[in-house]
Amino acid sequence: MNQNQQQPSEKAIEDQQELTLGQPLSDFLMQLEDYHPTIPDAVTGHIMRTSGFEPKDPRLLRLISIAAQKFISDIANDAFHHCKMRTSNNSTSSSKNSKSSKDRRYCLTMEDLTPALAEFGITVRKPQYYV
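Every value quoted in this text rests on a predicted model; they were computed, and no experiment measured them.

Caption draft 1: Spatial organisation of helix α2 (residues 41–50). For α2, the full list of buried residues reads T44, G45 and M48. Buried residues of α2, seen end-on, are gathered within an arc of 100 degrees and therefore sit on one face of the element. Exposed residues on α2 whose side chains face more than 90 degrees from its buried face are A42, I47 and T50. Remark: G52 follows α2 within two positions and exhibits a positive phi of approximately 105 degrees.

Caption draft 2: Structural context of the confidence of the model for the protein. Looking at the protein as a whole, its pLDDT mean stands at 80, while 72% of the residues score no less than 70. When mean pLDDT is taken per element in the protein, α2 scores highest with 93 and helix α1 (residues 2–34) scores lowest with 66.

Caption draft 3: Examining the side chain of R62 more closely. If you trace the backbone, R62 turns up in helix α3 (residues 58–93). Given a relative accessible area of 12%, R62 falls into the buried group. If we skip the residues at most four places from it in the chain, R62 touches L32, E33, D34, Y35, H36, P37 and D41.

Caption draft 4: Region of the structure containing the environment of C107. Inspection of the secondary structure assignment puts C107 in the loop between α3 and α4 (110–119). Ignoring sequence-local partners within four residues, the contact set of C107 consists of C83 and D112.

Caption draft 5: Region of the structure containing the packing of aromatic side chains. A complete count under the given rule lists 2 aromatic pairs for this structure. Ring geometry for F71 against F120: centres 5.4 Å apart, planes inclined by 80 degrees, an arrangement best described as edge-to-face. You can see F71 sitting in helix α3 and its partner F120 sitting in the segment after α4, a full 49 residues away along the chain. Aromatic pair F80 and Y106: ring centres 5.2 Å apart, planes at 85 degrees, arrangement edge-to-face.

Caption draft 6: Fine view of the pattern of salt bridges. In this structure the tally under the stated criterion is 5 salt bridges. Between D74 and K70 there is a salt bridge, with the nearest N and O atoms lying 2.8 Å from each other. Placement of the pair is D74 and K70 together in helix α3, with a separation of 4 residues, close to one helical turn. Where R86 meets E111, a salt bridge forms, and the shortest distance between an N and an O atom there is 3.9 Å. Separated by 25 residues along the polypeptide, R86 in helix α3 and E111 in helix α4 bring together distant segments of the chain. Among the residues examined, E111 registers a relative accessible area of 56% and is labelled exposed.

About the criteria used
Residues numbered from 1 in each chain as written. Predicted model: local features only at pLDDT ≥ 70, side-chain atom pairs only at ≥ 80, totals over all residues. Heavy atoms only, no water. Buried < 20%, exposed > 50% of the residue type's maximum accessible area, 1.4 Å probe, protein only. Helix = DSSP H or I, 4+ residues; strand = E, 2+ residues; numbered from the N terminus. Arc of directions from axis to C-beta. pLDDT = per-residue confidence, 0-100. Contact = heavy atoms within 4.5 Å. Phe/Tyr/Trp six-rings, centres within 6.5 Å; stacked < 30°, edge-to-face > 60°. Salt bridge = Lys/Arg side-chain N within 4 Å of Asp/Glu carboxyl O.

Shown next as structure tokens:
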């Protein structure tokens with residue numbers, strides 16, 4: 001009799017674990033309905049359709065938009081760090097342009113973007129006639 005009482009409680013515990021394992025994912029998917037990423041859904045949908053995938057769920061479209069947004073921001077952040085390192089190396093060698101770090105303006109150049117993209121496995125080369 002004691003074993004019969006324990007079996008339903010073990011089954012209830014397993015059911016509860018199954019519900020809690022999928023709960024964070026379902027909460028995240030519900031939050032995607034209200035979130036509007038930087039890359040519009042129409043742009044992501046167009047790119048996906050041209051690559052041969054027809055998105056039916058708008059939450060999937062938003063999830064891919066968020067992943068693309070993170071990928072682009074990681075590349076931009078890495079390029080920014082390359083730019084800061086390059087300009088700090090140049091400013092130490094030439095002390096004529098001694099602006100404070102708050103007054104500096106940074107510009108995204110291919111010189112900074114190329115190593116940032118290389119970290120993600122993307123190779124960018126200039127055409128030979130620009131040499």
